[in-house]
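# Secondary and tertiary structure notes
In case you want the letters, here they are:
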Amino acid sequence: MAELVPLAACILIAFGIGSNDTSNALGICIGCGIIRLRKALFPFGCLVLIGIIISGQKVIKTVGNDLLEVNLSILSISLSVSALLIILSNWKRLPPSTNQVVIGSLAGSGVASGVDVNFLSLSKIVFSWIVSPLTAFFFSLILYKMMEKTLSKLPLFRIERILRILLFISGMLIAYNIGANELATILGPVIYSGLIDRIQASFLGTFFVFLGAVLLSHRVIETVGKGITTLDPYSGFAAQFGAGLCVLFFTLLGMPISTTYCIIGGISGVGMSKGMKTVRIELIKKIIANWVLAPSIAFLICFAIMRALR
Amino acid sequence: MLEKVFFGGKTEQKVIENIKRHIKILCSASDCFKKAIEERNKDLMFCVPDLEREGDSIRREIVSNIYEGAFLPFLRSNICRFVEIVDEAFDVLEDAAYEFEYLGSKLDEEIEDDCIKIADINLKMCEMLLIAFETLFSKEDLREKNLAIRIYEKKVDEIKFDLIEKLREKEVKSFWEGKILSDFISYLTRVSDVIEDASDYLYIMNVSLR
């Protein structure tokens, strides 16, 4: 019966990913009228599944095996606290990075329970959190410059058509990354603890991501879509695709990183190419504060609960 | 399939074809207007309001197609604005046509010659606007077409200043005779301004997605 707790928490987090992070992948496409939400959900779900099956293994291993040796109590507490924190943050309209909360919780409960936490692996992960938005920044900046030299030379209506296709591809890349990185992060510990095998976990996780997307994502997507319509799709593509490539690159290295922070890095990169004044430093400061707080709070809460229970 | 992917879906193609038709009808209306002045034929001028109505229905179709979801949202408002400016050119031309009907054969030969020149330049500007719109699908430089339209507009301005000088020296018998003549000239010379605005907007539209 106790084994059901981490599984239930995983399902809740996967559902949360589906309801909130679908907008990262589909927000621009739906906002631009490239595809309708109903039609987009099926390829989205397929790519999440393909992502975790083809490219998810390294992230699953990093979180489930390299970071610490998980046991049932660590799993139950860290995943339950993660699920609770993610739901609370979303309710308060401060969506955190799922990866950061899960890693913070695992590390916190691991340290408190006295198991051997691999600090080298942890520092690699934290380092990738710092480096990944910067990498996305440069990827998007380079991509934007390349587009200026190639795509910009084409006639207007050709650019419009190509951008539609590119925005769709970019959205699908993010969907692939949701499976390969985000879903892999939450499933890694349960797979390595032996509660469920990898293929079963992949299908179950994807199903709940898909369910979250079907039932609750439309509101977030509408909000993102309405905001995006006033944005320039040219820069939007450079930021989103740059971020997508960055997440894919880190996924191949086995690092669990946040797509949202990479997209923010990408947007800043495109903004920087138009001049420093376009980048809102105050907003960046708030994001950095949230970036530090989310894993720290998760770490401290899990640490305290684990110590209290010992 | 490839054509659909690279050249646009059905709705987009429909919008593009309708915009071309819209500009072509403006060319026909300008041509008809010019012929009516040349031949001093009031009856010929009736084609202008007819063509304006046709242009109006095409504009409505374009706007409704765009609101159905043609093109990226970022481009939609720009295309609508461009079509509205072209429609404004129709309205101004129609106003000039109505004034001509009241004016009848009261145009002096000297003034008439200048009016024909302006009507001819207006027609050339419409044709250039169509060519400029078509450059949005080709690798040709829109700036050249934009510049040509600006040069035409400058010519109209020069003729307009001459015309105003001539009008100041002309004796008018009644208030209405003077007003109708003044309104006719101002509507006739405004057409080129509006076409220039449309061309400028086309240029803005062209650089907006880069």
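See the structure above.
These remarks concern the structure in this document. Being a predicted model, the structure only gives us computed values, none of them experimental.

What counts as what
- Residues numbered from 1 in each chain as written.
- Chains lettered and ligands numbered in written order.
- Predicted model: local features only at pLDDT ≥ 70, side-chain atom pairs only at ≥ 80, totals over all residues.
- Heavy atoms only, no water.
- Disulfide = S-S within 2.5 Å.
- Helix = DSSP H or I, 4+ residues; strand = E, 2+ residues; numbered from the N terminus.
- Salt bridge = Lys/Arg side-chain N within 4 Å of Asp/Glu carboxyl O.
- Buried < 20%, exposed > 50% of the residue type's maximum accessible area, 1.4 Å probe, protein only.
- Phe/Tyr/Trp six-rings, centres within 6.5 Å; stacked < 30°, edge-to-face > 60°.
- Lys NZ or Arg CZ within 6 Å of the ring centre and 35° of its normal.
- Core = buried A, V, L, I, M, F, W, Y, C linked by side-chain atoms within 4.5 Å.
- Contact = heavy atoms within 4.5 Å.
- Patch = residues over 30% accessible without salt bridge, like charges linked within 9 Å, V, L, I, M, F, W, Y side chains within 5 Å.
- Areas by Shrake-Rupley, 256 points an atom, 1.4 Å probe, with all protein chains shown as cover.

Throughout the structure, instances matching the rule amount to 1 disulfide over all chains. With a sulfur-sulfur separation of 1.4 Å, Cys32 of chain B is cross-linked through a disulfide to Cys47 of chain B. In this structure the cystine formed by Cys32 of chain B and Cys47 of chain B twists about its S-S bond by roughly -95°; its chirality is therefore left-handed. A residue pair is termed long-range when its members are at least 10 positions apart, and Cys32 of chain B in helix α2 (residues 10-38) and Cys47 of chain B in helix α3 (residues 47-67) qualify at 15 residues. Cys46 of chain A forms no disulfide, and the closest cysteine sulfur to it belongs to Cys29 of chain A, at a distance of 15 Å.

Under the defined criterion, the tally for this structure stands at 23 salt bridges over all chains. A salt bridge links Asp120 of chain B to Lys34 of chain B; the shortest N-O distance between them is 3.1 Å. Of this pair, Asp120 of chain B sits in helix α5 (residues 109-134) while Lys34 of chain B sits in helix α2, and the two are 86 residues apart along the sequence. Residue Lys145 of chain B pairs with Glu144 of chain B through a salt bridge whose shortest N-O separation is 4.0 Å. Among the residues examined, Glu144 of chain B registers a relative accessible area of 51% and is labelled exposed. If you follow the salt bridges from partner to partner, you end up with Glu160, Arg161 and Arg164 of chain A together with Glu12 of chain B in one network.

A word on the packing of aromatic side chains. This structure, assessed with the given rule, holds 15 aromatic pairs over all chains. With 5.3 Å between their ring centres and 40° between their planes, Phe157 of chain A and Phe71 of chain B make a pair best called tilted. Of this pair, Phe157 of chain A sits in helix α7 (residues 156-192) while Phe71 of chain B sits in the loop between α3 and α4 (73-103), each in a different chain. According to the relative accessible area criterion, Phe157 of chain A is buried, its value standing at 8%. Residue classification places Phe71 of chain B among the buried residues on the basis of a relative accessible area of 2%. Taken together, a centroid distance of 5.6 Å and an interplanar angle of 80° make the contact between Phe133 of chain B and Phe137 of chain B edge-to-face. Since its relative accessible area comes to 27%, Phe137 of chain B is described here as partly exposed. Residue placement shows Lys20 of chain B over the ring face of Phe137 of chain B; its charged tip is 5.0 Å from the ring centre.

The next point concerns the nonpolar core. Formed by 164 residues in total, the largest nonpolar core has its most connected members in Phe157 of chain A together with Phe33, Ile79, Phe82 and Phe184 of chain B. When near neighbours in sequence (up to four residues on either side) are disregarded, Phe157 of chain A contacts Ile16, Phe71, Leu75, Ile79, Phe133, Leu136, Phe137 and Met205 of chain B.

On the surface, Val126, Ile130, Leu134, Phe138, Ile142 and Met146 of chain A cluster together into a nonpolar patch covering about 550 Å² of accessible area. Secondary-structure assignment places Met146 of chain A in helix α6 (residues 119-149).

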